[in-house]
Amino acid sequence: MTAMRERVQQLAGKYKEEVSRIRKHLHRHPELSFQEFKTAQYIAETLQAMQIEVTHMAQTGLVAYIRGQNPDKRIVALRADIDALPIHEANDVPYKSQTAGVMHACGHDVHTASLIGTLKILHELKDVWEGTVRLIFQPGEEQLPGGASQMIQEGVLENPQPYIILGQHVAPQLPVGEIGIASGFNSANTDEVRITLQGTSGHAAFPHRTVDTILMAAHTVVALQQIVSRNMSPTTSSLLSICQIQGGHTTNVIPGEVHLSGTLRTQGEYERRLAYQRIREISHGIAQSMGGNCEVNITRGYPAVYNQDLLTSRVREAAEAYLGHTQVKPWSTAMIGEDFGFYTEKIPGCFYFLGTSNAQDKKPSDIHTATFDVDEEVFSVGPGLMAWLTLCALAQDQEVK
């Protein structure tokens, strides 16, 4: 496989400038979740110019296919997300966002351009590999219900089901040329919690004539913290953060209603169900004990991304062969939300993190900030690495279960 690896690396260098140009176009023209109409059109036109088969799905999603020799032998799926965030860009660069208040601050422009580069490499080599590659350009990763769930509902993992799925995400914590990878959980179940506390409004000078929802909210926020600390095993990863409190409009009126909202992050389904139960019990119990009422609404969000052990081991080994042993780093689980988890619920998957910062930059801007950007050298690494990982997966004799 040495000759093949060198060929992939050579093609990655060949397409680097084109992939960078594609990324800059996408960065200039970001679109919010489920509004990526022009983005989808641009991707489709780019692929159709290469005579690549393209199918539209989930309104603004796209699926492309590359068929090698013996196309029915095995299918590998690759995924990129295409939506942007409601952030006003602060970078002063020629490719700065031209859409006010919208920015590719999570690197989805990088993911998309990189996957197009991967497609170009695999397409040029299609006479020397067997199987089919299904490339998924999905909308709406940043917003519930998640574009991945909609793509799956419309059959993106069917007819026939892919053998595995691979995905990558930008990582400004790592310099270009390095990746982070870990088996097991790589994100968290992410659920939205909304609690409405109802009491009796009144003058602040006569609190005994009210049912004080501000005090009720204070007790509720504090009490909810015991769910993780006293109900979850300390060996599991869970968190509950109340991030918003809305109630009252002046200094001398106790409001009749207060709204709390926040996020619940778990990894196991047992912890998830237990947290649902305890959030409801604690919130209702406090409200009733203080003479009020309570409504609890929990919106089930993304499932945790789970990297299948054997597949991840193979991806790590292949990445070390492509990048070098020292360039493949262990990765720590973070309690982030990532809708790639919908895919790993259905089929074996591996999600890894692609270094994007300049090695000289000691404090690169993080994702979801107005100054996030990447070192363009990443476009000589990302497309080729994913192409190489795909070729290795297609060539494996033993199936991943």
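Just so it is clear, the model here is predicted, and its values are computed rather than measured. (Residues numbered from 1 in each chain as written. Predicted model: local features only at pLDDT ≥ 70, side-chain atom pairs only at ≥ 80, totals over all residues. Heavy atoms only, no water.)

Colleague: Outline the sheet that holds strand β4 (residues 132-138), supporting the account with residue identities and numerical values.
Modeller: What links the strands of a sheet is backbone hydrogen bonding, and the strands pair in either a parallel or an antiparallel sense. Spatial strand order, β1-β2-β4-β3-β5-β16-β6-β15: eight strands in an open sheet with mixed pairing. Single-partner strands in this sheet number two, and they are β1 (53-57) and β15 (328-330). Between one strand and the next, the sheet's axes are offset by a mean angle of 30°, whatever the strand orientation. Bridge count for strand β2 (residues 61-67) against β4 is six bridges, and the pairing is antiparallel. Considered in β4, the bridge of Y65 is made with R134. The strands that helix α10 (residues 382-395) touches are β3 (75-81), β4, β5 (164-175), β6 (179-181) and β16 (349-357); relative to β5, the one it contacts most, it runs at about 150°. (Pairing = 2+ DSSP bridges. Helix = DSSP H or I, 4+ residues; strand = E, 2+ residues; numbered from the N terminus. Axes fitted to C-alpha atoms, helices over the stretch in contact; angles between N-to-C directions. Contact = heavy atoms within 4.5 Å.)

Colleague: Quick rundown of empty space enclosed by the protein? Include the residues and the values.
Modeller: Across all of its chains, the model carries one cavity of 30 Å³ or more by this definition. Computed from the structure, the largest cavity encloses a volume of approximately 100 Å³. As for the largest cavity, its lining consists of Y163, I164, L166, L311, R314, V315, A318, L389, C392, A393, Q396 and V400. The set of elements that each furnish at least two residues to the lining of the largest cavity consists of β5, α8 (309-323) and α10. A per-element tally of the lining of the largest cavity places α8 first, with four residues. Of the residues contributing to the lining of the largest cavity, the split by class is 10 nonpolar, one polar and one charged. (1 Å grid on protein atoms, 1.4 Å probe; cavity = no way out; pocket = protein on both sides within 12 Å on 5 of 7 lines; lining within 4 Å. Points joined across faces, edges and corners; volume = space filled by probe spheres on them. Nonpolar A, V, L, I, M, F, W, Y, C, P; charged D, E, K, R; others polar.)

Colleague: Could you give an account of the sheet that holds strand β8 (residues 189-198), with specific residues and numbers?
Modeller: Strand order in the open sheet made by the four strands is β10-β12-β8-β13, with antiparallel pairing throughout. Among the strands making up the open sheet, the edge pair consists of β10 (239-247) and β13 (293-302). Neighbour to neighbour, the strand axes of the sheet diverge by 15° on average, direction disregarded. Pairing between β8 and β13: eight bridges, direction antiparallel.

Colleague: Any chance you could break down the environment of E320 for me, citing the residues and the numbers?
Modeller: Among the structural elements, E320 can be located in helix α8. Taking the relative accessible area as the measure of exposure, E320 reaches 22% and is therefore partly exposed. With 142 residues separating them in the primary sequence, E320 and E178 have C-alpha atoms 9.8 Å apart. With residues near it in sequence (within four places) discarded, E320 still touches H325 and V328. (Buried < 20%, exposed > 50% of the residue type's maximum accessible area, 1.4 Å probe, protein only.)

Colleague: Account for the pattern of salt bridges, with residues named and values stated.
Modeller: The tally for this structure, following the rule as stated, stands at 18 salt bridges. The shortest N-O distance in the salt bridge between D81 and R79 comes to 3.6 Å. Pair check on accessibility: D81 and R79 agree, each one buried. Across the salt bridge formed by R278 and E281, the nearest N and O atoms sit 2.6 Å from each other. Of this pair, R278 and E281 both sit in helix α7 (residues 269-289), three residues apart, roughly one helical turn. Residues joined in a network through salt bridges with shared partners are R79, D81, E338 and D339. (Salt bridge = Lys/Arg side-chain N within 4 Å of Asp/Glu carboxyl O.)

Colleague: Describe helix α1 (residues 2-28), listing the residues and the values that go with them.
Modeller: Structural remark: α-helix, 3.6 residues per turn; residues separated by three or four positions point the same way. If you check α1, its first and last C-alpha atoms are 38 Å apart, about what 27 residues at 1.5 Å a residue would give, namely 39 Å. Remark: the principal bend of α1, roughly 50°, maps to Y15. Three or more residues of α1 are buried, namely M4, V8, L11, A12, Y15, K16, V19, S20, I22, R23, L26 and H27. At its buried positions, α1 is contacted by α2 (37-48), α3 (108-124), α8 and α10. (Expected span 1.5 Å × (residues − 1). Bend = angle between axes of the 7 residues up to and from the residue.)

Colleague: Could you give an account of the nonpolar core, with specific residues and numbers?
Modeller: Counting residues in hydrophobic clusters, the biggest one holds 71 residues, and the most contacted among them are V8, L47, L78, L135, F137 and L389. It is α10 that provides the largest number of residues to this core, a total of nine residues. Counting residues in hydrophobic clusters, the runner-up holds 25 residues, among them L197, L224, V258 and I279. (Core = buried A, V, L, I, M, F, W, Y, C linked by side-chain atoms within 4.5 Å.)

Colleague: Kindly report on α8, identifying the contributing residues and their values.
Modeller: A rise of 1.5 Å per residue sets the reference length of α8, with its 15 residues, at 21 Å; its end C-alpha atoms lie 21 Å apart and thus fit the reference within 8%. Those residues of α8 not exposed but buried are L311, T312, R314, V315, A318, A319, Y322 and L323. Each buried residue of α8 lies within a common arc of 160° when the element is viewed along its axis, so the set occupies one face. One or two positions beyond α8, positive phi appears at G324, with a value near 110°. (Arc of directions from axis to C-beta.)

Colleague: Go over unusual backbone geometry with me, naming the residues and quoting the values.
Modeller: Cis geometry marks the peptide bond from L144 to P145, where omega comes out at 10°. Cis rather than trans, the peptide bond between N159 and P160 has omega equal to -10°. Relative to the helices and strands, P160 is located in the loop between α4 (147-153) and β5. The phi dihedral of A58 falls on the positive side, at around 50°, and the residue is not glycine. Topologically, A58 is positioned in the loop between β1 and β2. Among the residues examined, A58 registers a relative accessible area of 6% and is labelled buried. A positive phi angle, near 55°, is found at N159, a position not held by glycine.

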